[in-house]
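A structural walkthrough
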Amino acid sequence: MYKVKSHMLTTGYSFERYEILDYKGIISGQVVLGTGFLSEFTASLSDFFGTESKAFSDKLEEAKDAAMRKLIEKSVSVGGNAVIGVDFDYIVFGNNMIGVVANGTSVIIEAM
């Protein structure tokens, strides 16, 4: 669990004051969530009134966080202690399903 909590992530390709010792490979973590009836209903009201849909925003945030956790777990499983080049892709499936894929490169870093 410590390795997961101490894992460092960046959308860039390096960490200040750290050296990349080894590249463990490209990894991804993905999750698909249903939006749910209540989310759909409140989103319809938000659309009608032209306001933000907090229900959908919360679902997207939940999916992003879950994908990021899976990305970190995958990095730990291949021996990495950090992920560089983190990127998120969002996918809308039919039947009220949303997907989030987190991609990056697992690396081993060490403080300089």
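Residues numbered from 1 in each chain as written. Predicted model: local features only at pLDDT ≥ 70, side-chain atom pairs only at ≥ 80, totals over all residues. Heavy atoms only, no water.

1. Comments concerning the nonpolar core
By size, the foremost hydrophobic cluster in this structure holds 12 residues: I27, V31, L33, A63, A66, A67, L71, V83, V86, I98, V100 and A102. Elements supplying a minimum of two residues to this core: β2 (18-34), α3 (54-77), β3 (82-93) and β4 (97-111). Considering each element in turn, this core owes the most residues, 4 residues, to α3. Here I27 is in contact with L71, K74, S75, V78, V83, A102, N103, G104 and S106, once residues within four sequence places are set aside. (Core = buried A, V, L, I, M, F, W, Y, C linked by side-chain atoms within 4.5 Å. Buried < 20%, exposed > 50% of the residue type's maximum accessible area, 1.4 Å probe, protein only. Helix = DSSP H or I, 4+ residues; strand = E, 2+ residues; numbered from the N terminus. Contact = heavy atoms within 4.5 Å.)

2. Overview of the packing of aromatic side chains
This model, assessed by the stated rule, comprises 1 aromatic pair. Taking the centre distance of 6.4 Å and the plane angle of 70 degrees together, the rings of F15 and Y18 count as edge-to-face. Lying across the ring of F88, K64 places its NZ or CZ 5.5 Å from the centre. (Phe/Tyr/Trp six-rings, centres within 6.5 Å; stacked < 30°, edge-to-face > 60°. Lys NZ or Arg CZ within 6 Å of the ring centre and 35° of its normal.)

3. Here's the deal with the pairing of β4
In the sheet, β2 pairs with β4 via 15 bridges, with the strands oriented antiparallel. Its bridge partner being in β4, I27 is matched across the sheet by G104. Of the strand pairs in this sheet, β3 and β4 are connected by 10 bridges, and their pairing is antiparallel. Across the sheet, the residue bridging to D89 is V101, located in β4. (Pairing = 2+ DSSP bridges.)

4. A word on the sheet that holds β3
Sheet architecture is open: 4 strands sit in the order β1-β3-β4-β2, paired in mixed fashion. Each edge of the open sheet is held by one strand with a lone partner, namely β1 (8-9) and β2.

5. Here we look at the side chain of H7
Structurally, H7 is set in the loop between α1 (2-5) and β1. The class of H7 is buried, set by a relative accessible area of 10%. For H7, the side chain forms a polar contact with the side chain of S75, separated by 2.7 Å. In terms of polar contacts, H7 uses its side chain to reach the backbone amide nitrogen of A82, at 3.3 Å. Ignoring sequence-local partners within four residues, the contact set of H7 consists of I72, S75, V76, G80, N81, A82 and V83. (Polar contact = N/O pair within 3.5 Å; in protein donor to acceptor, adjacent residues only side chain to side chain.)

6. Focus: the environment of V101
Mapped onto the elements of the fold, V101 is located in strand β4. The exposure class assigned to V101 is buried, which follows from its relative accessible area of 18%. Residues contacting V101, with those up to four places away along its chain left out, are S28, G29, Q30, D87, F88, D89 and I91.

7. Looking at the pattern of salt bridges
Following the criterion strictly, the structure yields 4 salt bridges and no others. Residues E61 and K64 are paired through a salt bridge, measuring 3.7 Å at the closest nitrogen-oxygen approach. With E61 and K64 both in helix α3 and 3 residues apart, the pair spans about one turn of that helix. Residue classification places E61 among the partly exposed positions, given a relative accessible area of 40%. Measuring nitrogen to oxygen at the nearest pair gives 3.8 Å for the salt bridge that ties D65 to K64. With relative accessibility at 28%, the residue D65 sits in the partly exposed group. Looking at K64, the relative accessible area reads 19%, which means it is buried. Through salt bridges with shared partners, a single network forms among E61, K64 and D65. (Salt bridge = Lys/Arg side-chain N within 4 Å of Asp/Glu carboxyl O.)

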